[in-house]
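Secondary and tertiary structure notes
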Amino acid sequence: MTNAAVHMEGQLHAPAHGAVATGAVHAKGQQHPIKLYLVVWGWLFVLSTGSYLVDYFGLHGYLRWSLILLFMMLKAGLIVAVFMHMAWERLALAYAILLPPIAVLVFVSIMVLESEYTHFLRVLFFATPS
């Protein structure tokens, strides 16, 4: 038998006063070390500072927006993974929560490409020659 099976079998034969003690242990739930949360808060602070510095240094154009989006995605990933406990969930649950937003981003990208194509055709066929 495994250790878990021996432990469970021992709980089945435990006296009534032992049931209260095991209930208290199970009520606590899974505990993560405080160091993990402090490290994540530190990274969130660093990423937020980086996002602020993009505006402070006055970056413009695609560099600005790509950095802002990068910092945003990294911060959201940390929050989802640690504070929403997705890092410890089953893979199927993680896929069920993470795949729909990824699919939305793919479809939005396709729409952006399609809009540029449509804009090009409108200018090509309906614009007055200059």
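As the structure is a prediction and not an experimental result, all values here were calculated from the model.

In the predicted model, the chain carries a mean pLDDT of 79, and the fraction of residues at 70 or more is 75%. Low pLDDT (under 50) marks residues 21–25, which in the prediction has one contact with non-local residues, meaning those over four places away or in another chain.

Under the present numbering, the feature "transmembrane region" (unreviewed entry) in UniProt falls on residues 36–59, 65–84 and 91–113. Summarising residues 65–84: 95% helix, 0% strand, and an end-to-end C-alpha distance of 27 Å. End C-alpha atoms of residues 91–113 are separated by 32 Å, and the span's content is 100% helix alongside 0% strand.

Looking now at the packing of aromatic side chains. Overall, the coordinates contain four aromatic pairs when judged by the stated rule. Plain terms: the ring middles of Trp 41 and Phe 83 are 6.2 Å apart, the flat faces sit at 20° to each other, and that makes the pair stacked. Of this pair, Trp 41 sits in helix α3 (residues 34–56) while Phe 83 sits in helix α4 (residues 61–83); the two residues are 42 residues apart in sequence, bridging distant segments of the chain. Note on Trp 41: relative accessible area 45%, which makes it partly exposed. Here Tyr 52 and Tyr 56 contribute two aromatic rings whose centre-to-centre distance is 6.2 Å and whose plane-to-plane angle is 25°, an arrangement assigned as stacked. In this pair, Tyr 52 and Tyr 56 both sit in helix α3, four residues apart, roughly one turn of the helix. Looking at Tyr 52, the relative accessible area reads 53%, which means it is exposed. Assessed through its relative accessible area of 59%, Tyr 56 is described here as exposed. Taken together, the ring pairs in this structure connect Tyr 37, Trp 41 and Phe 83 into an aromatic cluster. Sitting over the ring of Trp 65, Arg 64 keeps its end group 5.2 Å from the ring centre.

Thresholds, definitions, all that
- Residues numbered from 1 in each chain as written.
- Predicted model: local features only at pLDDT ≥ 70, side-chain atom pairs only at ≥ 80, totals over all residues.
- Heavy atoms only, no water.
- pLDDT = per-residue confidence, 0-100.
- Contact = heavy atoms within 4.5 Å.
- UniProt positions renumbered as here; feature names shortened; annotations may be inferred.
- Helix = DSSP H or I, 4+ residues; strand = E, 2+ residues; numbered from the N terminus.
- Phe/Tyr/Trp six-rings, centres within 6.5 Å; stacked < 30°, edge-to-face > 60°.
- Buried < 20%, exposed > 50% of the residue type's maximum accessible area, 1.4 Å probe, protein only.
- Lys NZ or Arg CZ within 6 Å of the ring centre and 35° of its normal.

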